[in-house]
Structure formats: structure tokens, C-alpha cells
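Breakdown of the fold
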Amino acid sequence: DAKTTQPNSMESNEEEPVHLPCNHSTISGTDYIHWYRQLPSQGPEYVIHGLTSNVNNRMASLAIAEDRKSSTLILHRATLRDAAVYYCILRDIIQGAQKLVFGQGTRLTINP
Amino acid sequence: DTEVTQTPKHLVMGMTNKKSLKCEQHMGHRAMYWYKQKAKKPPELMFVYSYEKLSINESVPSRFSPECPNSSLLNLHLHALQPEDSALYLCASSRRRETLSNEQFFGPGTRLTVL
């Protein structure tokens, strides 16, 4: 299984941008980069995914390095509700189903 | 309806008990998943069902027995568990084909305690 490396924890202030890095140096050409987050006492929640190009959605932006060995999840204006563990995952497809192998994730703390 | 429901929310069982966890979704997804999450650890994949057939078993002990009776329902039957099996059990679902929206939708989990 392809592996990702993330900082254990990060801290930011409310209403400021947050950049969450992820290294995935063993990524293969067909691996999609997925980000999920898990709020306290909840199941994980999909945030965003991409393959080669940068991606934007209502929750966040995903910036992917040209060599695809790293990516950065960007929360443009953090709120207290964004405090969660953020997981960067390389998605595999096996027999028509996704296999997500979660790394240790980054625990994001937002200060008011 | 973009929700995955899991019952029960909490379960306490003895090592000789037999119990089942239930997961349901009505999004028309044809892939369903069981994950196990220990405290302060990431979720670990246990089983994947695709079109009601078991696609992936991540070498899970036989005391965990999954079942997918139809496309909306996923069960996890538990028997002779050990205290170290105490964890949050998460269910998820997704569309099967990678060309379609392929996010996984997770339920809130069942918190299992084995005494």
C-alpha cells in the first residue's frame, strides 16, 4: 500500500488560511490523492480529491506538486468547526471498489 | 438522502456473546466497507463488498463475519471477541465505478466494548 506522511499536529487561528502538507513520494501514476477529515466523535468526512491538477471545492483547495510526490490541502479561512484530524490518502481501486489506507493524519487545532 | 446509518451506537458484550452490527444506506451505492478504529488511531480497513460480494478481506480474524444481504444493508456478526477488539467500528459506502463520484460516505460508527 502506498504511504503518506503528514505532520502529527498543526495549529492555526480562526479566519486565517491553513496549509496542511502531505508527502507521498511512492505515489504511482494512477493513484488519486484523497483528503478526509474526522471531527471529534464522528466518522470521517470526504474533503477533496485530485490526480494531477489543482482542485477547488466549497470546502477546500488541493494543490498538487508537479512531480505528484507531495500535496497541500488549503483551508482558505479556518473556523472553529474545522478543528479535526485531516487524513491524506492514496486511493487504490481493487475489484471495482476503493481501498483507502489511512495514514496517521494531522490533528488541526483552531484558536479563536 | 446522503446518509449512512449504523446501529447500535454503543454495544457492550462479553467474550462469549454473539452480537451483530448493522449498517444501512439508501444512496444506491454498490460498494460497502467495514473499518475498525482504535482510540487515537486512524481507521483500518477490514472488509469491502462490491455488488454484494466480498471483494477484500484484510486478513481479519474469523470471529468477525461480514454479511451483505442486499445492496442497502451490511452486517458485521461478532462472536467470541477479545477485549482488544474493543474499538469504534465504522461503515462506509461508495459508488462502484471510479469514473463516477467516488467519495466514501461514512456512518457515525458503533462503539464496541468487549468485557
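Heads up: these notes are all about the structure in this document. (Residues numbered from 1 in each chain as written. Chains lettered and ligands numbered in written order. Predicted model: local features only at pLDDT ≥ 70, side-chain atom pairs only at ≥ 80, totals over all residues. Heavy atoms only, no water.)

1. Observations concerning the interface of chain B and chain A
With 23 residues of chain B in contact, the opposing surface of chain A contributes 21 residues. Approximately 1900 Å² of surface area, both sides summed, lies buried where chain B meets chain A, with 50% of it carried by carbon and sulfur atoms. Summed over the shared surface of chain B and chain A, the result is 1 salt bridge. On the surface where chain B and chain A come into contact, there are 3 residue pairs in polar contact (both at pLDDT 80 or more). Elements that contribute at least two residues to the side of chain B that touches chain A include exactly strand S4 (31-37), strand S5 (44-50), strand S6 (53-57) and strand S9 (87-94) of chain B. If you tally residues by element for the side of chain B that touches chain A, the top one is S4(B), at 4 residues. Taken together, the residues that form the side of chain B that touches chain A break down as 11 nonpolar, 7 polar and 5 charged. (Contact = heavy atoms within 4.5 Å. Buried area = accessible area lost by both parts, 1.4 Å probe. Salt bridge = Lys/Arg side-chain N within 4 Å of Asp/Glu carboxyl O. Polar contact = N/O pair within 3.5 Å; in protein donor to acceptor, adjacent residues only side chain to side chain. Helix = DSSP H or I, 4+ residues; strand = E, 2+ residues; numbered from the N terminus. Nonpolar A, V, L, I, M, F, W, Y, C, P; charged D, E, K, R; others polar.)

2. Quick look at the environment of A:Arg81
Residue and element names in this part refer to chain A. Relative to the helices and strands, Arg-81 is located in the loop between strand S7 (70-75) and strand S8 (84-94). Residue Arg-81 is classed as exposed on the basis of its relative accessible area, which comes to 68%. Along the chain, Arg-81 and Thr-109 lie 28 residues apart, while their C-alpha atoms are 9.9 Å from each other. Excluding residues within four positions of it along the chain, Arg-81 makes contact with Arg-37 and Leu-39. (Buried < 20%, exposed > 50% of the residue type's maximum accessible area, 1.4 Å probe, protein only.)

3. Observations regarding the state of the cysteines
As enumerated under the stated definition, the model contains 2 disulfides over all chains in all. Linked covalently through their sulfurs, A:Cys22 and A:Cys88 form a disulfide whose S-S length is 2.1 Å. One quick way to see it: the torsion about the S-S bond of A:Cys22 and A:Cys88 is about -80 degrees, and its sign makes the bridge left-handed. Here A:Cys22, found in strand S2 (residues 18-23), pairs with A:Cys88, found in strand S8; they are 66 residues apart in sequence, far enough to count as distant. By relative accessible area, which is 0% here, A:Cys88 ends up buried. In this model B:Cys23 forms its disulfide with B:Cys91; the gap between the sulfur atoms is 1.8 Å. The S-S bond linking B:Cys23 to B:Cys91 shows a torsion near -70 degrees; that makes this disulfide left-handed. Within this pair, whereas B:Cys23 is found in strand S3 (residues 18-25), its partner B:Cys91 is found in strand S9, the two being separated by 68 residues in sequence. Take B:Cys23: its relative accessible area is 0%, and that puts it in the buried class. With no disulfide partner, B:Cys68 has as its closest neighbouring cysteine sulfur the one in B:Cys91, 9.1 Å distant. In this structure B:Cys68 comes out as buried when scored by relative accessible area, which is 12%. (Disulfide = S-S within 2.5 Å.)

4. Details of the packing of aromatic side chains
Per the stated rule, a full pass over the model turns up 9 aromatic pairs over all chains. Seen from their ring centres, A:Phe102 and B:Tyr35 are 5.8 Å apart, and the 90 degrees between their planes marks the pair as edge-to-face. Taken as a pair, A:Phe102 in the loop between strand S9 (97-100) and strand S10 (106-111) and B:Tyr35 in strand S4 lie in two separate chains rather than in one. For A:Phe102, a relative accessible area of 8% corresponds to the buried category. Clustering of aromatic rings is evident, with ring pairs tying together A:Tyr36, A:Tyr46, A:Tyr87, A:Phe102, B:Tyr33, B:Tyr35 and B:Phe106. (Phe/Tyr/Trp six-rings, centres within 6.5 Å; stacked < 30°, edge-to-face > 60°.)

Note that every value here comes from positions in space, so none of it alone points to a role or purpose.
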